[in-house]
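# Descriptive analysis of the structure
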Amino acid sequence: MNTRPEYPRPHFDRSGRWLNLNGEWEFARSPGEFTETVVVPFPWEHAASGVVAHWLPTAWYRRQIERPADWAAERTILHFGAVHHRATAWVNGELAVEHEGGYLPFEADITELLDNGAGELVVQVAAPTDKRFIPHGKQRSMPADDYDGCAFTPSSGIWQTVWLEPRPPSYISQLDLRPTEALDGIEVTFSGPSPVRIEIPGVVVREYDEWPGTATLPIAQPRLWSPDDPHLYDVVVTAGADTVRGYTGLRKVEWNGGNLMVNGVPTYVRGVLDQGFWPTGGHAAPSDEALQQDLRLARAAGFNLVRKHIKLEDPRWLYWADRLGMLVWAEPPSTGRFTPEAVAAFEDVTAGMVARDGNHPSIVIWGGYNEEWGLDWDVPGDPAKQDAVRRAYRIIRDADPTRPIVDNSGWAHVETDLVDWHYYDENVASWAATVDRLVNTADGAFPVKLGPDLLVDKAIAAPGFDATDKIQLNGEYGGGATSVERGWHLRWQTQELRRHPRNAGYIYTELYDIEHETVGVHTYDRRTKDLGGVVPSDVHAETVLIVDLTPEAPGRDLVLSGEAATVPIRVSHHGHEPLLGTLHWATGTAPVDAKPFTVTDPIDVTVSEPGRVRLWLTDAAGTVVARAFIDVTTE
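Below, the structure is looked at part by part. All values reported here derive from a predicted model rather than from experimental measurement.

### Here we look at the overall build of the protein
A count of helical and extended segments in the protein gives seven helices and 41 strands. Its C-alpha radius of gyration of 26 Å places the protein within 12% of the 26 Å reference for a compact globule of 635 residues. Sequence separation of 24 or more characterises 66% of the internal contacts of the protein that already satisfy a separation of 6 or more. Per element, the accessible surface of the protein, about 23,800 Å² overall, is 49% carbon and sulfur. Each charge sign in the protein was given a centre, from 56 positive and 91 negative side chains, and these centres are 2 Å apart.

Take a look at the structure:
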């Protein structure tokens, strides 16, 4: 069976010689009772696995393995991309490896366990139904997490590729690639034998009799990585008898003047939440093409950044983000309760996230905690929880000082580079007023609905943290119970975020529906929704029109009480150059002079008839660069 046939680790590539173990394995719900067949790498709760076993706490996998004959002089390494949650593997009845943690890769040298190169591989997986004390993100727990209303069917068992690979006894381990400060070369760090040869194909070669631990490969004519030109450099490292191919891009991420700077270019964050679930596989994408598709859907909807929400995604998703030029906010899976053991497990996966994914140029923000999940909702009142947030921030900062970090996304920031806030409100007037207050004043308190009947005030800053001069952006927003309402709130809420130059961007919730959570731009199977005529790519464009009114309801943006009404229209422009253009509507035009990262003075548009009043903006060449509309009714 040709299941997920692509090499699973493009950032640490030995794909010239490997053996994919995906496909049909024997499956047992009780020890020794291998009466079923499971398809690896799909979680056992989901249809693609062929099993569909819910709330099964432990299961066993079995298959025969045989290394290729030409590997006999080398070591045979068994690799697992990710297994949720605790895995124990035996080869020919001998223990090969034990691993705990459902999101990070692990491996075992099984050379001595094989019998003439062959063997029986058995994997036991324990996936606790009570997940509250382990990193699990949006997988549902029983007993339930406090956030059970936005949790989904778990993804238990083997959910990323399993494979064999040969390597010499002395080999290359972790390979770290970082652009130089001047973006004119790549710093290479790894552990491995000597002599060493490092090559950027077609660019530069360096050889070392003794490896110094870190070296810089200069690039005479550097081509930078950016969303508009996602150029990647391969780096081939040969150390002793081992060869590994990695890659990275030349780009610098800074926050300056209130904005994200990519290679010194101001970049307004137009982001979307992506939780990494699929209808047939839960956490596991059905194919490599499906990983690409989600990134392409985000780009087509006008987004330039994806916040991969509390999940370490399949490395190939990050590979495609690198290739396609999509910016990424990466963050670890959360726990559900605050205990020393839960905090330690969260810190382990946080450190592992940076170690596994640090080479990816697409990642421009690291996240730590999310909304006090796993912190029992009391960071402001508990110094121990504040210390946990601070420690997570510093774990990331010590491992990678080149990217900004969000310590506790949403509220109660303790030590952070970016101040973000999550605000959901379906009253358009209070939404606009609260956004204005959060962005433009020192008042960082706002209401948060934690349950059907539980409304609490949250603060942006925990005690002792001053958020006044920090870069800030919206970390989550959205509203509406139906698709038409979702489109309406998308349109009006986003324009309020675009109204304020001090706001550095936003993250819309979310890219697609998941099970009972129907708040996506697309359905769970990635079909287009009827959003009441709203086109997401217009809402999230580089240049947008801001309609200065407080709308009443979908289909009733403006209610005429007389013969005509005057509606002010502003332009929010986030291009690199000034925009000289023309605003159009059915009965008139007006010139526009929009400066980068500013909002223009209003242009008055007269509306006198009911119906959908369309507005559009053209540049000097006559190309339409922004669209909006107003639904007008009479009393």
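### As for the sheet that holds strand E9 (residues 106-109)
Strand order in this open sheet of four strands is E1-E12-E5-E9, and the pairing throughout is antiparallel. Only two strands of the sheet have a single neighbouring strand rather than two, namely strand E1 (19-20) and E9. Here strand E5 (residues 75-80) pairs with E9 via four bridges, running antiparallel. By the bridge assignment, Ile77 is partnered in E9 with Asp109.

### Observations regarding unusual backbone geometry
Residue Pro41 follows Val40 across a cis peptide bond; omega there is 15°. Relative to the elements of secondary structure, Pro41 occurs in the loop between strand E3 (34-40) and strand E4 (58-66). Here Thr509 and Glu510 are connected by a cis peptide whose omega angle stands at 10°. Tracing the backbone shows Glu510 in the loop between strand E32 (505-508) and helix H7 (536-539). Non-glycine residue Trp55 carries a positive phi angle of around 55°. Within the secondary structure, Trp55 sits in the loop between E3 and E4. Judged by its relative accessible area of 33%, Trp55 is partly exposed.

### So, the environment of Ala504
Mapped onto the fold, Ala504 is located in the loop between helix H6 (483-498) and E32. Among all residues touching Ala504, those that are not within four sequence positions of it are Trp255, Gly258, Asn259, Tyr268, Val269, Ile471, Gln472 and Leu473.

### Things to note about H6
For H6, built from 16 residues, the straight-helix expectation of 22 Å at 1.5 Å per residue is met to within 8% by its first-to-last C-alpha distance of 22 Å. H6 sits mainly inside the fold: 13 of its 16 residues count as buried.

### Some thoughts on the packing of aromatic side chains
The full count for this structure, using the stated rule, is 21 aromatic pairs. Ring plane angle 70° and centroid distance 5.9 Å describe the contact between Tyr103 and Trp159, whose orientation is recorded as edge-to-face. You can see Tyr103 sitting in the loop between strand E8 (94-100) and E9 and its partner Trp159 sitting in the loop between strand E11 (157-158) and strand E12 (162-167), a full 56 residues away along the chain. The burial state of Tyr103 is the same as that of Trp159; both residues are buried.

### What about the side chain of Gln292?
Relative to the elements of secondary structure, Gln292 occurs in helix H1 (residues 288-300). With a relative accessible area of 14%, Gln292 lands in the buried category. The contacts of Gln292, once residues within four sequence positions are left out, are Trp320 and Leu324.

### Focus on the side chain of Asn370
Relative to the helices and strands, Asn370 is located in strand E26 (residues 363-370). One polar contact links Asn370 to Arg307, side chain to side chain, over a distance of 2.8 Å. Ignoring anything within four residues of it in the chain, the contact list for Asn370 reads Arg307, His309, Ile310, Asn408, Ser409, His422 and Glu476.

### What about the packing of H1 against helix H2 (residues 315-324)?
The N-to-C vectors of H1 and H2 enclose an angle of 45°; their axes lie 9 Å apart at closest approach. The angle between the axes of H1 and H2 places the two elements in the oblique class. Note that H1 runs across H2; the crossing there is right-handed. Residues Asp288, Leu291, Gln292, Leu295, Arg296 and Arg299 of H1 lie in contact with H2, whose contacting residues are Arg316, Trp317, Trp320, Ala321 and Leu324.

### A few points about the nonpolar core
Residues Trp255 and Trp421 are the most contacted members of the largest nonpolar core, which totals 95 residues. Those residues in contact with Trp255, other than ones at most four positions away along the chain, are Leu260, Val269, Ile365, Pro404, Leu418, Ile471 and Ala504. In terms of nonpolar packing, the next biggest core, distinct from the first, is built from 31 residues, Tyr61, Val83, Ile110 and Val123 among them.

### Considering the packing of helix H3 (residues 340-357) against helix H4 (residues 383-399)
H4 packs onto H3 with a crossing angle of 20° between their chain directions and a minimal axis gap of 9 Å. In terms of axis orientation, H3 runs roughly parallel to H4. Considering only the axes of H3 and H4, their crossing is right-handed. Contact with H3, carried on its side by Val343, Phe346, Glu347, Thr350, Ala351, Met353 and Val354, involves Ala388, Arg391, Ala392, Ile395, Ile396 and Ala399 of H4 and no other residues of that element. Its residues assigned to classes, the contact of H3 with H4 shows ten nonpolar, one polar and two charged.

### Structural notes on the pattern of salt bridges
As enumerated under the stated definition, the model contains 46 salt bridges in all. In this structure, Asp417 and Arg397 form a salt bridge, with 2.3 Å as the shortest nitrogen-oxygen distance. Placement of Asp417 in the loop between strand E27 (405-409) and strand E28 (418-422) and of Arg397 in helix H4 is noted, with a sequence separation of 20 residues between them. Taken together, the shared-partner salt bridges connect Arg9, Arg14, Glu165 and Asp242 into one network.

### What about the environment of Pro143?
As for its placement among the helices and strands, Pro143 is situated in the loop between strand E10 (118-126) and E11. Take Pro143: its relative accessible area is 43%, and that puts it in the partly exposed class. When the C-alpha atoms of Pro143 and Arg132 are compared, they prove to be 7.9 Å apart, with eleven residues separating the residues in sequence. Apart from the residues within four sequence positions on either side, Pro143 is in contact with Asp130 and Arg132.

Conventions we followed
Residues numbered from 1 in each chain as written. Predicted model: local features only at pLDDT ≥ 70, side-chain atom pairs only at ≥ 80, totals over all residues. Heavy atoms only, no water. Helix = DSSP H or I, 4+ residues; strand = E, 2+ residues; numbered from the N terminus. Rg over C-alpha atoms; globule rule 2.2 N^0.38 Å. Contact = heavy atoms within 4.5 Å. Areas by Shrake-Rupley, 256 points an atom, 1.4 Å probe, with all protein chains shown as cover. Lys, Arg positive; Asp, Glu negative; His and termini not counted. Charge placed at Lys NZ, Arg CZ, Asp CG, Glu CD. Pairing = 2+ DSSP bridges. Buried < 20%, exposed > 50% of the residue type's maximum accessible area, 1.4 Å probe, protein only. Expected span 1.5 Å × (residues − 1). Phe/Tyr/Trp six-rings, centres within 6.5 Å; stacked < 30°, edge-to-face > 60°. Polar contact = N/O pair within 3.5 Å; in protein donor to acceptor, adjacent residues only side chain to side chain. Axes fitted to C-alpha atoms, helices over the stretch in contact; angles between N-to-C directions. Parallel < 35°, antiparallel > 145°, perpendicular 65-115°, else oblique. Left-handed = near helix turned anticlockwise from the far one by under 90°. Core = buried A, V, L, I, M, F, W, Y, C linked by side-chain atoms within 4.5 Å. Nonpolar A, V, L, I, M, F, W, Y, C, P; charged D, E, K, R; others polar. Salt bridge = Lys/Arg side-chain N within 4 Å of Asp/Glu carboxyl O.

Nothing here speaks to function; it is all geometry.
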